[in-house]
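Results of the structural survey
Each chain, written out:
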Amino acid sequence: MDVVRTNLQNIGGSVEVTSSPLGTCFKLKIPLTLAIMPTLFVRCAAERFAIPQSNLLEMVRYHPGDNTERLEYLYGVPVFRLREKLVPLIFLAQSLELRSANDWGGETLNIAVVQSSGVRFGLVVDEVLDMQEVVVKPMVAILRSRSIYSGATILGDGRVALILDIEGVAKNACISGKIREYQRKEAVSGHSAADAEHALLLFELSGDDRLAIPVNQVERLERIERADIQKSGSDSVIPYGDEIMKLVWLADYVDGSRHVKKNAALSIIVHYADGLPIGLVVNQINDIVYVSGQLNITPSHQKGHLGCAVIDEQVINVIDVDGILLAHNSRFLSDVPRLSQTVTVEEPL
Amino acid sequence: MSAREVLSTFLVGSFYCGIRTKEVFELTKGLEITPVPLSPLAILGLLNLRGQLVTAIDMRARLGCESRHISADSVGIFSKQSGSLYSFVVDSVSEILELDEDDFEPPPSNLVGVGLDAVIGVYKMPGRLLLVLNPSKLVSGITAERASESG
């Protein structure tokens, strides 16, 4: 109890104990506004600012003498080459109007590389101070209106320091839109999987060569021999490790496609539903495309289609995996239950 | 016998002003104010009053006086408005006066100017006029107008 009381008092809360013959009532009061955030302190002009560590990627010190090519201007926006990637720079002092613009005279730059909702940029500060865990105190509404600061904190010496809202800083510098567009292009051409927000696996069925499934619904890709397929009831199954994988011929459920040709080998997209593997039989697996930002899916009323998306000016039909499995299972349920038996493979259709 | 009112009086530029003493929380000198870049012109910054975050308001800017410089003599008048603490930073404080409400008059109708929306009325003092200010209007009337030079 004493530990609880001490810790609560440290954060400005309290413990109330009231006893009656029926029992004891403990009331713990914990301040609502309390939030502790690990931050990095930087100095800019005469003031200290805190950058939330969750936004911080790395710190870079740039000496102009080292390699003069590294700081360049792209349509007036200073950019910095960091391991062959372009990182736009924001001079914090200018952005906050603490100093007039363009007075950089080639001295060493301290750059905090930060990221906020997919936007990565470098924040140029005068000096990097220390890491501190701070208690975030909310600011009054009139100071929040520009959302450059997420709050303020009181430091050990009694002074107040402002906590930067990295997204607000980017918005204030009016570069977030430009950066986002630039990074989207980079993601598509460079196939940098980590930056992409949506990944789609492209595959084809005969007669329908531009289909896609979200990669997060794909567990593995397999190639199986047609001779290995066995029958379990009305289902086609195949032993898959320790499990039995049910096969679903996607062509049965997707409008506009015909059946797989009678190849000896089949391409399978393994999808797990309720912990069980399900093999989606397709004609051919093509590629993975990355789409950053919002994936605009236009709803479609075709059977088995979730909708279409436009990627690099091509219309891609995204399949509705859940709907297909539902259709498959209901077909199975409507069948007369039969004893499970193993028979030799029968060609579907 | 008419009602009496207690006012804390202070000087801001050429203005002689007062706030009802019951609205005043405390007075403090030697303020360590952290400026908030890009904040409205009338906001000086933030300060720490025994662990509480206080928004400091520049009364010179708020009442439309020229030049702002915070000297060691500047005093913060702390007041709580809608749950948050504010500090009205003034040039110097004067005495606490107990005044007869008979001497009170509502603001003259031709009174127009920056920040004069917060004036409740005027006390006719010997030789000069005392502006009575409403602290909640001082806070709520702050516009998003920013300093053109550095904050």
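Note that the coordinates shown come from a computational prediction; the quantities given were computed from them, not determined experimentally. (Residues numbered from 1 in each chain as written. Chains lettered and ligands numbered in written order. Predicted model: local features only at pLDDT ≥ 70, side-chain atom pairs only at ≥ 80, totals over all residues. Heavy atoms only, no water.)

Digging into the overall build of chain A
Quick note on the threshold: For helices the rule is a DSSP run of H or I covering at least 4 residues; for strands it is a run of E covering at least 2, with both sets numbered from the N terminus onward. Contacts were defined at the residue level, with two residues in contact if any of their heavy atoms lie within 4.5 Å. All accessibility values rest on the Shrake-Rupley procedure with a 1.4 Å probe; residue burial counts only the protein chains present in the view.
Looking only at helices and strands, chain A features 6 helices and 25 strands. At a minimum sequence separation of 6, the contacts of chain A that also span at least 24 residues come to 59%. Accessible surface for chain A amounts to roughly 19,300 Å². Of this, 51% is attributable to carbon and sulfur atoms.

Focus: the confidence of the model for chain B
Residue and element names in this part refer to chain B. Definition in use: A residue's pLDDT is the predictor's confidence in that residue, given on a scale from 0 to 100.
Here chain B averages 82 in pLDDT, while 87% of its residues score no lower than 70. Taken as a whole, residues 147-151 scores under 50 in pLDDT and shows 6 contacts with residues more than four places along the chain or in a different chain. For this predicted complex, the interface score ipTM comes out at 0.79, while the overall pTM is 0.55.

Let's talk about a nonpolar patch on the surface
Residue and element names in this part refer to chain A. Operational definition: Here a patch means residues that are over 30% exposed by relative accessible area and free of salt bridges, tied together within 9 Å if like-charged and within 5 Å if nonpolar (Val, Leu, Ile, Met, Phe, Trp, Tyr). Here, a salt bridge means any side-chain nitrogen of Lys or Arg that lies within 4 Å of a carboxyl oxygen of Asp or Glu. Note on exposure labels: buried denotes an accessible area under 20% of the residue type's maximum, exposed denotes more than 50%, and partly exposed covers the range between, all computed with a 1.4 Å probe on protein chains only.
Together, Met1, Val4, Val17, Phe26, Leu28 and Ile30 line one region of the surface with nonpolar side chains, adding up to about 580 Å² of accessible area. Note on placement: Phe26 falls in strand β2 (residues 23-29). Relative accessible area serves as the criterion here: at 46%, Phe26 is assigned to the partly exposed category.

Brief notes about the side chain of A:Lys231
Residue and element names in this part refer to chain A. Quick reminder of the rule: Any N or O atom pair separated by 3.5 Å or less is treated as a polar contact, with the protein-specific requirement of one donor-capable and one acceptor-capable atom, and with residues adjacent in sequence counted only for side-chain atom pairs.
Following the sequence through the fold, Lys231 ends up in strand β17 (residues 230-232). A residue is classified by how much of its surface remains accessible, and Lys231, at 17% relative accessible area, is buried. Of the polar contacts made by the side chain of Lys231, one reaches the side chain of Ser236; its length is 3.4 Å.

Quick look at the pattern of salt bridges
Residues and elements named next belong to chain A. Throughout the structure, instances matching the rule amount to 11 salt bridges over all chains. Where Arg159 meets Glu47, a salt bridge forms, and the shortest distance between an N and an O atom there is 4.0 Å. Residue Arg159 is located in the loop between β12 (149-154) and β13 (160-164), and its partner Glu47 is located in strand β4 (residues 47-52); the two are separated by 112 residues in the primary sequence. The buried category is assigned to Glu47, whose relative accessible area is 13%.

What about the nonpolar core?
The condition that has to hold: Among buried residues, the Ala, Val, Leu, Ile, Met, Phe, Trp, Tyr and Cys ones that are joined through side-chain atoms within 4.5 Å form a nonpolar core.
Ranked by size, the top nonpolar core spans 56 residues in total, and within it A:Leu123 and B:Met59 carry the most contacts. Here this core takes 4 residues from strand β10 (residues 119-125) of chain A, the largest share from any one element. Other than its neighbours up to four places away in sequence, A:Leu123 contacts A:Ile51, A:Ile90, A:Leu92, A:Asn110, A:Ile111, A:Ala112, A:Leu164, A:Ile166 and A:Val169. Ranked by size, the runner-up nonpolar core spans 19 residues in total, among them A:Leu201, A:Leu250, A:Ala273 and A:Val282.

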